[in-house]
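Here's the letter readout for the chains.
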Amino acid sequence: MEWKFVKKTNIDNIRKVENQTGFSIPEELKKVILDYNSGYPTFSCYDTINEQGKEIKKLLSFNEEDSENIYMFLNFYKETKLFPFADDSAGNLICLDTSNVVLWNHETAQKTYIANSVTEFLSNLYEEE
């Protein structure tokens, strides 16, 4: 799998988000952010326990100057305790709920289980048919 439109970021930007939220970002997600910040995966489809063929749009950026960045969702984290790291084209968020990856539906405010970890989530991405 490749990533398109990646924008460089650094560990200081990640630490800034951790300090502002009080959320300790797992090492596996830190590595993904450092390698693919704001990127669009070429394999973008995934399944939840309820639906197949959902699609990740991109990783949220950890650079404040970028559009669709993590800073837009700091209050969301404080209210829900879900840590968003990606979004889809419908406005839903892909989040960490402790260590599990979940989809948060913005229309229903419901979360749906996707995977046990960020690594599992990314390894389960597949090409749109």
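These numbers were taken from a predicted model, which means no experiment stands behind them.

1. Here's the deal with the nonpolar core
Membership of the largest hydrophobic core comes to 37 residues, with the highest contact counts inside it found for Leu29, Phe83, Phe85, Ile94, Val101 and Phe121. Of all the secondary-structure elements, those providing two or more residues to this core are α1 (11-21), α2 (27-36), α3 (74-80), β6 (83-87), β7 (93-97), β8 (100-105), β9 (110-115) and α4 (118-123). Those residues in contact with Val101 that sit more than four places away from it in its chain are Phe85, Ile94, Cys95, Leu96, Thr112, Tyr113, Ile114, Ala115, Ser117, Val118 and Phe121.

2. Comments concerning the environment of Glu64
With respect to the helices and strands, Glu64 occurs in the loop between β5 (58-59) and α3. When sequence neighbours within four positions are dropped, the list of residues in contact with Glu64 reads Lys16, Asn69 and Tyr71.

3. Considerations on the pairing of β8
As paired strands, β7 and β8 are joined by five bridges and run antiparallel to one another. Directly across from Leu96, in β8, lies its bridge partner Val101. Counting the residues that bridge the hairpin from β7 to β8 gives two residues, and of these Thr98 lies at a positive phi of roughly 55°. Between the end of β8 and the start of β9, which pair antiparallel, lie four residues, with Ala109 showing a positive phi angle near 60°.

4. Topic: the side chain of Lys30
Structurally, Lys30 is set in helix α2. Engagement of the side chain of Lys30 in a polar contact is seen with the side chain of Glu18, the distance being 3.4 Å. Setting aside residues up to four positions removed in sequence, Lys30 forms contacts with Ile11, Ile14, Glu18 and Ile25.

5. With respect to the packing of aromatic side chains
The final tally for this structure, using the stated rule, is eight aromatic pairs. Ring geometry for Tyr46 against Phe121: centres 5.3 Å apart, planes inclined by 70°, an arrangement best described as edge-to-face. One end of the pair, Tyr46, is in strand β3 (residues 45-46); the other, Phe121, is in helix α4, with 75 residues separating them in the sequence. As far as the burial class goes, Tyr46 and Phe121 line up, both buried.

Cut-offs and rules
- Residues numbered from 1 in each chain as written.
- Predicted model: local features only at pLDDT ≥ 70, side-chain atom pairs only at ≥ 80, totals over all residues.
- Heavy atoms only, no water.
- Core = buried A, V, L, I, M, F, W, Y, C linked by side-chain atoms within 4.5 Å.
- Buried < 20%, exposed > 50% of the residue type's maximum accessible area, 1.4 Å probe, protein only.
- Helix = DSSP H or I, 4+ residues; strand = E, 2+ residues; numbered from the N terminus.
- Contact = heavy atoms within 4.5 Å.
- Pairing = 2+ DSSP bridges.
- Polar contact = N/O pair within 3.5 Å; in protein donor to acceptor, adjacent residues only side chain to side chain.
- Phe/Tyr/Trp six-rings, centres within 6.5 Å; stacked < 30°, edge-to-face > 60°.

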